[in-house]
Amino acid sequence: MQNTAKAKVIVFANQKGGVAKTTTTLNLAVAFAEKGYRVLCVDMDPQGNLTMSQGIDPDGLSESMFDVLVHDLPIVNVIRKREIDIACASIDLAGAEIAMSMKIGRERSLEKAFRPIIHDYDFICIDTPPSLGLLTINALTAASKVIVPVQCEYLSMRGLIQLQNTLHMIRENLNPDVEIEGILPTLMDSRTLHAKEAIEILEENFGDRVFASRIKKTVRFAEAPVKGMSVLKYEPDGMAARSYRDLAKEVLSHGIR
Ligand code: ADP
Ligand code: MG
């Protein structure tokens, strides 16, 4: 059967580290897959945390996203089938920004890599490194939607302005259609007043672009990747799994698919 619809490409971005980008990429992707959607995750972080979180050792890879971006290797060559399909990364990706800098169309390497597979998936979910460099720019250029995980604390708000400026530049120059799908409060300790106040500030500034879904703090999110699993597989009926299923529902309710 010929599939005519193109995958919706969602990038998970925030130049701050430790805000649950990787966790959200994997667990939302698995929540989509549970609903029967065909999902590809793409690891664009040289740290390879997303790759590891599906039980794959980045150091054991002979080919990875580096080769896709720098040497135009077909992306299918670096896709492994786990809970979802995953295009793997390893530490050599750290050299990709310099290696790509001389390429014509260096911002579009990822978008180009997606062309042969864009009809094979319903969702492509891209994890990004904690920076707004060329790897993240490639992801934002290839995407139609951005989900921004934000840790519930005052300081994390400031980085959002910088991310918005980058998005503005991407829209002006590379990808006019990319937009923020939503801002996701993560690592939330609902017992503290600080977390509540931080969310109020977020909502004052970003209004209904802040998801109604909240991701609470639990050690399950640290335990699951060690086993090479999403939290949906690790503890299917747990609060952590439910929170990402709720997020999937909320994203789908926006009519994204
Ligand atoms: P990023 O990709 O933005 O750097 P990660 O997804 O790697 O962030 O998350 C940072 C750390 O926080 C990881 O150790 C992860 O297991 C943990 N973590 C993520 N989400 C939660 C959560 N809701 N509660 C507790 N720990 C979390
Ligand atoms: Mg990460």
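Residues numbered from 1 in each chain as written. Chains lettered and ligands numbered in written order. Predicted model: local features only at pLDDT ≥ 70, side-chain atom pairs only at ≥ 80, totals over all residues.

Naming follows an unreviewed UniProt entry, where the protein chain appears as ParA family protein of Paraconexibacter antarcticus.

Participant: Just to check I follow, could you spell out the confidence of the model for the protein chain for this structure?
Facilitator: Do not read the fine detail of predicted coordinates wherever pLDDT is low. The pLDDT averaged across the protein chain works out to 95; a share of 99% of its residues lies at or above 70. Reported confidence for the predicted complex is 0.99 by ipTM and 0.97 by pTM. (pLDDT = per-residue confidence, 0-100.)

Participant: I'm lost on the packing of helix α1 (residues 21-34) against helix α11 (residues 239-253) in this one. Help?
Facilitator: When two helices pack together, their arrangement is captured by the angle between the axes and the distance separating the axes. Contact pair α1 / α11: the axes reach a minimum separation of 9 Å and the direction vectors enclose 70°. For the element pair α1 / α11, the angle class is roughly perpendicular. Crossing of α1 against α11: the hand is right-handed. Here α1 contributes Asn-27, Leu-28, Ala-31 and Phe-32 to the contact with α11, which in turn contributes Tyr-244, Arg-245, Leu-247 and Ala-248. Taken together, the residues of the contact of α1 with α11 break down into six nonpolar, one polar and one charged. (Axes fitted to C-alpha atoms, helices over the stretch in contact; angles between N-to-C directions. Helix = DSSP H or I, 4+ residues; strand = E, 2+ residues; numbered from the N terminus. Parallel < 35°, antiparallel > 145°, perpendicular 65-115°, else oblique. Left-handed = near helix turned anticlockwise from the far one by under 90°. Contact = placed C-beta atoms within 7 Å. Nonpolar A, V, L, I, M, F, W, Y, C, P; charged D, E, K, R; others polar.)

Participant: I would appreciate a short explanation of the site of ligand 1 in the present structure.
Facilitator: Near ligand 1, the surroundings consist of 16 residues, among which Ala-20, Lys-21, Thr-22, Thr-23 and Phe-221 are the closest. If you list the elements that add at least two residues to the shell around ligand 1, you get α1 and α9 (220-226). The biggest single contributor to the shell around ligand 1 is α1, with three residues. Class assignment for the residues of the shell around ligand 1 results in seven nonpolar, seven polar and two charged. (Near = placed C-beta within 6 Å.)

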